[in-house]
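Observations on chain architecture
So the chains spell out like this:
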Amino acid sequence: MGNVEAFRKDFASRVWLTYREEFPPLPGSTLTSDCGWGCMLRAGQMMLAQALTLHFLGRDWTWPEALALQPLDTHTWTTTAAKRLVASLEASLQSSPGTSDHSLLPVHQAQAPGSAEEADPHLKEMYHRTLVSWFGDSPSAQLGLHRLVRLGLTMGKQAGDWYGPAVVAHILKKAVEEAMDPGLAGITAYVSQDCTVYSADVIDSHRAPTAGQASPESSDAPPSPQDDQPASSRAVIILIPVRLGGEKTNPDYFNFAKSILSLEYCIGIIGGKPKQACYFVGFQDDSLIYMDPHYCQSFVDVSTSDFPLQSYHCPSPKKMPFSKMDPSCTIGFYSRGVQDYERITQELSKVLQPSAKEKYPAFTFVQGHGRDYDLSASLTPEKKEWPFIRDPRRTVTTAGDFVLL
């Protein structure tokens, strides 16, 4: 397979979450669509979905039907256009041999040694379909928009408000921690404090079970692929809100962003242009490659066993110059276990070494816990959008203190 085709297949296999309409009313409102305001939440969902894809399916997994998707040739979708495209895709797939939808399998039929990376295609498709269903647009979906909006209410955010990348990081963390589906018991999330990742806190997250999550034995979801880890170990999604400049992204950080996106355990960056969020997944030369949530598609009922998957995958990447990137963003990493995390910190320490141009790192790793410097409880949602407020109680100065260039 050529490099271009391999890229297309990899990109189209990523889970694409966009605006939707005609879904049940969101918590605390009568809104039945997030068109025009929910793009950062959708970008966050996409980054979370990529972490879960790595967790359950592995980095090399691709969707067999990825290259069958038709290219997008418009910048927006109306409901009619979306329905027409999905209908045409379904018709073409039904006429092709060996491309029928796979229904969900109960766990006792899907038991297999090792992770899904070693499983047969049918089991992989079960993982894929279950993963997508967690992001459905209904109140019961574990990581769906309704759940994220409900969690946002506790931070002073309403449906219809603008959500920034730092607030979304905290919402995603709560959503993963509070998810009751046993299939998600083997993964949790961590959000950095004040541009600082406290290693002891991350290691504790790897080792300590999350309160409120049930035992995997009773799950109807895919078994967690963690046979090579201790029973008490869980994966951690590390979310790091940063600001790469003042009013605009400082050009000195362009190479830093390229280095971050080149790392195999990086799950991307949520950010975008001012007031227009997107999910950055890579780069080419001096342009970022991103997935765009600004397509208004119709509600899909993911509770059915054969719901259409086509509208959850995007065939066409978009590009944006680094110079147009908003400086406020959240960087994500996936760490499967403590050994993974140690390797991540070693490799990132090289990327974070300040160069002649980059006088200060975008974030830093510190040994120990951050419990003595936890500001999140006293911050309003507006202040959480500025993740660089220093703790006046902090008397130790580190090389990671953030200074805008």
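Residues numbered from 1 in each chain as written. Predicted model: local features only at pLDDT ≥ 70, side-chain atom pairs only at ≥ 80, totals over all residues. Heavy atoms only, no water.

1. Re the pairing of strand β10 (residues 328-335)
Remark: a regular strand shows side chains that alternate across the two faces of the sheet. Put simply, the rule is: Burial status follows relative accessibility: with a 1.4 Å probe on protein chains alone, a residue under 20% of its type maximum counts as buried, one over 50% as exposed, and anything between as partly exposed. The way it works is that DSSP assigns letters per residue, a run of H or I at least four long becomes a helix, a run of E at least two long becomes a strand, and they are numbered from the N terminus. Strand pairing is assigned whenever DSSP identifies at least 2 bridges connecting the two strands.
The element β10 is largely enclosed, with a buried count of eight among its eight residues. Burial along β10 is two-sided: Ser328, Thr330, Gly332 and Tyr334 and Cys329, Ile331, Phe333 and Ser335, pointing in opposite directions, are all buried. As paired strands, strand β4 (residues 235-243) and β10 are joined by eight bridges and run antiparallel to one another. What sits directly across from Ile238, in β10, is Phe333. Where strand β5 (residues 266-273) meets β10, four bridges bridge the pair, whose relative direction is antiparallel. What sits directly across from Gly268, in β10, is Gly332.

2. Thoughts on helix α6 (residues 145-153)
Test applied: Here, residues are in contact when the closest pair of their heavy atoms is within 4.5 Å.
Within α6, seven of the nine residues are buried, leaving the element largely enclosed by the surrounding structure. For α6, the full list of buried residues reads Leu145, His146, Arg147, Leu148, Val149, Leu151 and Gly152. Those residues of α6 that are buried lie in contact with α2 (39-56) and α7 (165-178).

3. Describing the packing of aromatic side chains
Counted only if it meets this: Planes of paired rings set the category: under 30 degrees apart is stacked, over 60 is edge-to-face and the rest tilted, where pairs are Phe, Tyr or Trp rings (Trp by its six-membered ring) whose centres lie within 6.5 Å.
Throughout the structure, instances matching the rule amount to 14 aromatic pairs. When the ring of Trp16 is compared with that of Tyr295, the centres are 5.3 Å apart and the planes differ by 70 degrees; the resulting orientation is edge-to-face. Taken as a pair, Trp16 in the loop between α1 (3-13) and β1 (20-21) and Tyr295 in the loop between β7 (287-291) and β8 (297-298) lie far apart in primary sequence, 279 residues in all. Judged on exposure class, the residue Trp16 and its partner Tyr295 are both buried. Between the aromatic rings of Phe363 and Phe365, the centroid separation amounts to 5.9 Å while the plane-to-plane angle is 70 degrees, which identifies the pairing as edge-to-face.

4. Considerations on the packing of α6 against α7
This is how the line gets drawn: For every element, the axis is a line fit to its C-alpha atoms; helices are fit only across the contacting stretch, and the angle between N-to-C directions ranges from 0 to 180 degrees. We call two directions roughly parallel when the angle between them is under 35 degrees, roughly antiparallel when it is over 145, roughly perpendicular when it lies between 65 and 115, and oblique otherwise. By convention the crossing between two helices is left-handed if the near helix lies anticlockwise of the far one by an angle smaller than a right angle, and right-handed if it lies clockwise. Any residue outside Ala, Val, Leu, Ile, Met, Phe, Trp, Tyr, Cys, Pro, Asp, Glu, Lys and Arg is labelled polar, Gly included; the first ten of those are nonpolar and the last four are charged.
Contact geometry for α6 and α7: axes closest at 9 Å, N-to-C directions at 115 degrees. One way to sum up the angle between α6 and α7 is to call them roughly perpendicular. When the axes of α6 and α7 are compared, the crossing they make is right-handed. The residues of α7 that touch α6, namely those facing Leu148, Arg150, Leu151 and Gly152, are Ile171, Leu172, Lys174, Ala175 and Glu178. Here the residues of the contact of α6 with α7 sort into five nonpolar, one polar and three charged.

5. Considerations on the packing of α2 against α6
Across the interface, α2 lies against α6 with an axial gap of 11 Å and an inter-helix angle of 115 degrees. Along this stretch, α2 crosses α6, giving a crossing that reads as right-handed. Contacts between α2 and α6 pair Leu41, Arg42 and Gln45 from the former with Leu145, Leu148 and Val149 from the latter. In terms of residue class, the contact of α2 with α6 is built from four nonpolar, one polar and one charged.

6. Notes on the environment of Gln346
Summarising the element assignment, Gln346 is placed in helix α10 (residues 338-351). Remark: the alpha-carbon pair of Gln346 and Phe365, spanning 19 residues in sequence, is separated by 10.0 Å.

7. Looking at the state of the cysteines
Where we set the bar: Criterion for a disulfide: a pair of cysteine sulfur atoms at a distance within 2.5 Å.
Taken as a whole and assessed by the stated rule, the structure comprises one disulfide. The residue that forms a disulfide with Cys35 is Cys296, at a sulfur-sulfur distance of 2.2 Å. Its S-S torsion of about 75 degrees marks the bond between Cys35 and Cys296 as right-handed, since a negative value means left-handed. Taken together, the residues Cys35 in the loop between β1 and α2 and Cys296 in the loop between β7 and β8 connect sequence positions 261 residues apart. Here Cys296 falls in the buried class, since its relative accessible area comes to 12%. In this model Cys278 remains outside any disulfide bridge; the closest cysteine sulfur is found in Cys39, 8.7 Å from its own. The structure places no disulfide on Cys329, whose sulfur is separated from the nearest cysteine sulfur, that of Cys195, by 9.9 Å.

8. Some words on the confidence of the model for the chain
Counted only if it meets this: pLDDT gives the predictor's per-residue confidence on a scale running from 0 to 100.
Averaged over every residue, the pLDDT of the chain is 79; the share at 70 or more is 71%. Counting contacts from residues 95-114, a segment whose pLDDT is below 50, to residues more than four positions away or on other chains yields 27 contacts.

9. A few points about the sheet that holds β4
With respect to topology, seven strands assemble into an open sheet ordered β2-β4-β10-β5-β6-β7-β9, the strand pairing being mixed. Pairing within the sheet leaves two strands with one partner each, and these edge strands are β2 (187-191) and β9 (318-321). Between one strand axis and the next, the sheet turns through 35 degrees on average, direction left out of account. Pairing of β2 with β4, which is carried by five bridges, proceeds in the parallel orientation. Across the sheet, the residue bridging to Tyr190 is Ile238, located in β4.

10. Considerations on the nonpolar core
Formally: Within this scheme, the nonpolar core is defined by two criteria: the residues are buried Ala, Val, Leu, Ile, Met, Phe, Trp, Tyr or Cys, and they are joined through side-chain atoms within 4.5 Å.
In this structure, Leu41, Leu52, Phe135, Leu143 and Tyr163 are the most contacted members of the largest nonpolar core, which totals 71 residues. If near-sequence neighbours (up to four positions away) are discounted, Leu143 is found in contact with Gln45, Leu48, Leu52, Trp134, Phe135, Leu148, Ala175, Val176 and Leu184. Membership of the second largest hydrophobic core comes to 40 residues, among which are Tyr190, Cys195, Phe280 and Leu348.

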